[in-house]
Amino acid sequence: METAQARRTRRREPVLTRRAAAHVGEMAVGGLALILILQAVFRFSILDGTFWFYYFRFFRTGLFGTLGYVAFIIPVSALVGFLTGWARVSRHRVLVWPAAVFVDFFRGIPQLIMIIFAFLFAPDFIPQPIMDRLFANVPLRDISVNAAAFVLALHSGAYQAEIFRAGFQSVPKGQLEAAQALGMRGWQSMRDVVLPQALRLSLPPLGNEFAVVIKDTSLLAAIAGAELFGKSTDFRGVLAISGFPLTWMFAVLTVIALIYFFMTFTVTRILLVLERRYSTPGLEAMSI
Amino acid sequence: MIEVDGVHKRFGALHVLRGISVKVERGEVVVVIGPSGSGKSTLLRTINLLVQPDEGRILIDGVHVNRRDVRPEWVRQQVGMVFQSFNLFTHLTALDNVVLGLVRVKKVPRENAERKARQLLARVGLAEKERAYPAELSGGQQQRVAIARALALDPKAMLFDEPTSALDPEYIREVLDVMTNLAKDGMTMVVVSHEMGFASSVAKRILFMDAGLILEEGVPEEIFQRPKHERTRSFVGKILR
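Residues numbered from 1 in each chain as written. Chains lettered and ligands numbered in written order. Predicted model: local features only at pLDDT ≥ 70, side-chain atom pairs only at ≥ 80, totals over all residues. Heavy atoms only, no water.

**Quick notes on the packing of helix H3 (residues 49–88) of chain A against helix H7 (residues 140–169) of chain A**
Residue and element names in this part refer to chain A.
No. 1: As a packed pair, H3 and H7 sit with axes 6 Å apart at the nearest point and diverge in direction by 40°. Comparing the axis directions of H3 and H7 gives the class oblique. Between H3 and H7 lies a crossing whose hand is right-handed.
No. 2: Split by residue class, the contact of H3 with H7 holds 17 nonpolar, seven polar and three charged. (Axes fitted to C-alpha atoms, helices over the stretch in contact; angles between N-to-C directions. Helix = DSSP H or I, 4+ residues; strand = E, 2+ residues; numbered from the N terminus. Parallel < 35°, antiparallel > 145°, perpendicular 65-115°, else oblique. Left-handed = near helix turned anticlockwise from the far one by under 90°. Nonpolar A, V, L, I, M, F, W, Y, C, P; charged D, E, K, R; others polar.)

Structure (structure tokens):
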């Protein structure tokens, strides 16, 4: 008897060629990164002690800032996206249209404009009682910066809502009917039948959106949020007035580019591992 | 066992069921035939309340079930359903498809549920396929798993909504065999199907539906050989040809 396992392996065979293609792609990316690094090492001062002595402070603040934003924005945006996507496929009209308005609003306005908007006016929009009770001891600037980060999360949440909506909608109606016919309650059929399938189908585009939002944190430089890119422009200002070579910026940009690359690569890889871990015959993305 | 009493159902302007009354006795097998759009599926779905009737009553074992104080989930545990398109849970193995209802609805401990699921899979001839996912099974195998899944909750009756019409011809036999055995074991069954061989040999009664009404009913021989209505005659003529 042929086991399910054996059959699954056999079915994957043609993927080998695609995987080979993916490796070629990865090698090309790696090659480009390598050229960048070699340039940075030999022509510019990436290994220069003096450079790092001056840049390190900016780098450290920027790195932890960026990691903090990413650690905040990814879960918040995923939660917002999931709930909004769910609301959009709800039976209840009162949930559907606010979700649709939310998505259209945040999808239709450039992140940069929203970030600056939130930064400048967020404190004015938060009702006074809440300000008094929750943020009484928080500096106004922190409120503004975090509001901007939150708006960025909402922006990505709007895109993720569409991803989750597509995931929900690609679960055939018959699946829910079968669960109902077994006497399962609404929330049971949601948890045991619809969600496991919807989430599997959402994983690939979700990885893509996470990569986008990680890089979008660099937009917070526009409001002097303490993150990699913003701190690098601060450093450029220092260079300009202190007489150090402006070519140092090549090293700076190489470093932060590599870090963004490393972050997006890690996150998309994690999602790919999840995707493989939960892959099920009949629920895989179609190969054409 | 199952009593449908004066049931009406409208979908918007469409009047799909126009006053249907049927009684199905315990252990009886009733086959419903009729042209597409005649309301056969809707009738079946009102019995387990996947569709709520607008008017009329559904009684299961004498209990009036389409009332506000009866939970539809409870009704659906009493009446198993098998769909035309199988609707097996794509992300679960054959075994887990059968186990899910036992664990979640009947609150049976996982271990006991698996034991029972294995017995049911053996009963439909799929003991060795328990680890296969639906996509790895043929249509006939999928439908047999779906029957096992519905049987897991020990339903008092089973509803079959065109269980073989999505199947390749070579798989129809195996599904009908399972259904025939089920009937022999005394299961109460309402089957929407145009499988004339099955209907003639297994059904005790045939209902002919047209335009939301039961136009004619009788033993298979009567309906297939001496239909009274012109509509029945013309329909039977088409499917027997």
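Still more ground to cover, so stick around.
**Here's the deal with the packing of helix H5 (residues 111–125) of chain A against H7 of chain A**
Residues and elements named next belong to chain A.
No. 1: Between H5 and H7, the shortest axis-to-axis distance is 8 Å and the interhelical angle comes to 145°. Once H5 is placed against H7, the crossing between them reads as right-handed. When H5 is examined against H7, the residues Gln-111, Met-114, Ile-115, Ala-118, Phe-119, Ala-122 and Pro-123 are found in contact with a partner set consisting of Leu-140, Arg-141, Ile-143, Ser-144, Val-145, Ala-147, Ala-148, Val-151, Leu-152 and His-155.
No. 2: Looking at the contact of H5 with H7, its residues break down into 13 nonpolar, three polar and one charged. (Contact = heavy atoms within 4.5 Å.)

**Here's the deal with the sheet that holds strand E3 (residues 29–33) of chain B**
Residues and elements named next belong to chain B.
No. 1: If you walk across this open sheet you meet the six strands as E6-E7-E8-E3-E9-E10, and the pairing is mixed. A strand with exactly one partner marks an edge of an open sheet, and here the two such strands are strand E6 (79–82) and strand E10 (213–218). Averaged over all pairs of adjacent strands, the angle between strand axes in this sheet comes to 20°, irrespective of strand direction.
No. 2: Across five bridges, the pairing between strand E9 (residues 205–210) and E10 is antiparallel. The residue bridging Phe-208 from the neighbouring strand is Glu-216, located in E10.
No. 3: Relative to the sheet, helix H1 (residues 40–47) contacts E3, E6, strand E7 (157–161), strand E8 (188–192) and E9, its axis offset from that of E7 by approximately 150°. (Pairing = 2+ DSSP bridges.)

**Remarks on the packing of aromatic side chains**
No. 1: A full pass over the atoms with the stated rule returns 22 aromatic pairs over all chains.
No. 2: Ring centres 6.4 Å apart and planes at 45° place the aromatic pair Phe-56 of chain A and Phe-59 of chain A in the tilted group. Residue Phe-56 of chain A and its partner Phe-59 of chain A are both found in helix H3; the two are separated by three residues, about one turn of the helix.
No. 3: Here Phe-56 of chain A falls in the partly exposed class, since its relative accessible area comes to 41%.
No. 4: Both rings, one in Trp-86 of chain A and one in Phe-168 of chain A, keep their centres 6.0 Å apart while their planes meet at 35°; by these two values the pair is tilted. With Trp-86 of chain A in helix H3 and Phe-168 of chain A in helix H7, this pair connects stretches of sequence that are 82 residues apart.
No. 5: Residue Trp-86 of chain A is classed as partly exposed on the basis of its relative accessible area, which comes to 33%.
No. 6: The class of Phe-168 of chain A is buried, set by a relative accessible area of 7%.
No. 7: One residue, Arg-57 of chain A, lies across the ring of Phe-58 of chain A, its end atom 5.2 Å from the ring centre.
No. 8: Taking NZ or CZ as reference, Arg-149 of chain B lies 4.5 Å from the ring centre of Phe-89 of chain B, over its face. (Phe/Tyr/Trp six-rings, centres within 6.5 Å; stacked < 30°, edge-to-face > 60°. Buried < 20%, exposed > 50% of the residue type's maximum accessible area, 1.4 Å probe, protein only. Lys NZ or Arg CZ within 6 Å of the ring centre and 35° of its normal.)

**Considering the sheet that holds strand E4 (residues 55–60) of chain B**
Residues and elements named next belong to chain B.
No. 1: Taken in spatial order, the four strands line up as E2-E1-E4-E5 in an open sheet, and their pairing is antiparallel. Across the chains shown, the open sheet's two edge strands, defined by having one partner strand only, are strand E2 (14–24) and strand E5 (63–64).
No. 2: Pairing analysis gives five bridges linking strand E1 (residues 2–11) to E4, with the strands arranged antiparallel. Looking at the pairing, Ile-2 lines up with Ile-60 of E4.
No. 3: On top of the sheet, H1 reaches E1, E2 and E4; it is set at about 120° to E1, its chief contact.

**Some points on the nonpolar core**
No. 1: Residues Ile-33, Ile-147, Met-158 and Met-189 of chain B are the most contacted members of the largest nonpolar core, which totals 90 residues.
No. 2: Phe-59, Ile-163, Phe-210 and Trp-248 of chain A belong to the second-largest nonpolar core, a separate cluster that totals 49 residues. (Core = buried A, V, L, I, M, F, W, Y, C linked by side-chain atoms within 4.5 Å.)

Just geometry here; none of it tells us what the structure is for.
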